[in-house]
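# Tertiary structure, described
Residue strings, one per chain:
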Amino acid sequence: QVQLVESGGGLVQAGGSLRLSCAASGRIFSNYNMGWFRQAPGKERDFVAAIDWSGGRTHYADSVKGRFTISRDNAKNTVHLQMNSLEPGGTAVYYCAAASTPYFRAGSPGWGDYWGQGTQVTVSS
């Protein structure tokens, strides 16, 4: 199995930036496609961004294109989400996920095989 731990969440003003990190352990990290998702209180979990096993290709939700960047460092078993131009609608718990299915299908239901505990991001208006 894979264990995932997110960090880097916090309070930020609208228009500000935040960088989230996800540390992986267990099975070989580079075997998995990785993704970020977010869930606001009382709402469904939404896809945010995904990256393939090599880190060479990415996929983003339309709502974050041009503002968020997903990256990974397989040597350090980490994946990151750089969030710029944050909006109040970005307030949510952000989750890191690992999957054996392709990165470009991360927006489909049931994509993630392993999940972290989440980190809270609050964007003030």
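Cut-offs used in this document
- Residues numbered from 1 in each chain as written.
- Predicted model: local features only at pLDDT ≥ 70, side-chain atom pairs only at ≥ 80, totals over all residues.
- Heavy atoms only, no water.
- Helix = DSSP H or I, 4+ residues; strand = E, 2+ residues; numbered from the N terminus.
- Rg over C-alpha atoms; globule rule 2.2 N^0.38 Å.
- Buried < 20%, exposed > 50% of the residue type's maximum accessible area, 1.4 Å probe, protein only.
- Contact = heavy atoms within 4.5 Å.
- Areas by Shrake-Rupley, 256 points an atom, 1.4 Å probe, with all protein chains shown as cover.
- Phe/Tyr/Trp six-rings, centres within 6.5 Å; stacked < 30°, edge-to-face > 60°.
- Salt bridge = Lys/Arg side-chain N within 4 Å of Asp/Glu carboxyl O.
- Core = buried A, V, L, I, M, F, W, Y, C linked by side-chain atoms within 4.5 Å.

## So, the overall build of the protein chain
- When helices and strands are tallied, the protein chain shows 0 helices and 11 strands.
- When the helices and strands of the protein chain are placed in sequence order, the string is β-β-β-β-β-β-β-β-β-β-β.
- Computed over the C-alpha atoms, the radius of gyration of the protein chain is 13 Å, within 12% of the 14 Å expected from 2.2 N^0.38 for a compact globule of 125 residues.
- Taking all 125 residues of the protein chain together, 44% fall into the buried category.
- Counting contacts in the protein chain only where the partners sit at least 6 residues apart, residues at least 24 apart contribute 59% of the total.
- Put simply, the protein chain shows about 6300 Å² of open surface, and 47% of that area lies on carbon and sulfur atoms.

## Topic: the packing of aromatic side chains
- The final tally for this structure, using the stated rule, is 5 aromatic pairs.
- Taking the centre distance of 5.7 Å and the plane angle of 65° together, the rings of phenylalanine 37 and phenylalanine 47 count as edge-to-face. A residue pair is termed long-range when its members are at least 10 positions apart, and phenylalanine 37 in strand β4 (residues 33-39) and phenylalanine 47 in strand β5 (residues 46-51) qualify at 10 residues. An identical accessibility class is assigned to phenylalanine 37 and phenylalanine 47; each is buried.
- Judged by centre distance (5.9 Å) and plane angle (35°), the ring pair of phenylalanine 37 and tryptophan 111 falls under tilted. Highlighted residues: phenylalanine 37 in strand β4 and tryptophan 111 in the loop between β9 (92-99) and β10 (114-115), separated in sequence by 74 residues.

## With respect to the pattern of salt bridges
- Under the defined criterion, the tally for this structure stands at 3 salt bridges.
- Among the salt bridges present, the one from arginine 57 reaches aspartate 52, with a minimum N-O distance of 3.9 Å.
- Taking relative accessible area as the criterion, aspartate 52 reaches 4% and is therefore assigned buried.

## A short note on the nonpolar core
- With 39 residues, the main nonpolar core has Leu4, Met34, Trp36, Val79, Leu81, Met83 and Tyr94 as its most contacted residues.
- Elements that contribute at least two residues to this core include exactly β1 (2-7), β3 (18-26), β4, β5, β7 (68-73), β8 (78-83), β9 and β11 (119-124).
- For this core, the leading source of residues is β9, giving 6 residues.

## Focus: unusual backbone geometry
- Phi is positive for asparagine 77, close to 55°, though the residue is something other than glycine.
- Mapped onto the elements, asparagine 77 comes out in the loop between β7 and β8.
- The backbone of serine 85 shows a phi angle near 50°, a positive value even though the residue is not glycine.
- If you trace the backbone, serine 85 turns up in the loop between β8 and β9.
- Assessed through its relative accessible area of 39%, serine 85 is described here as partly exposed.

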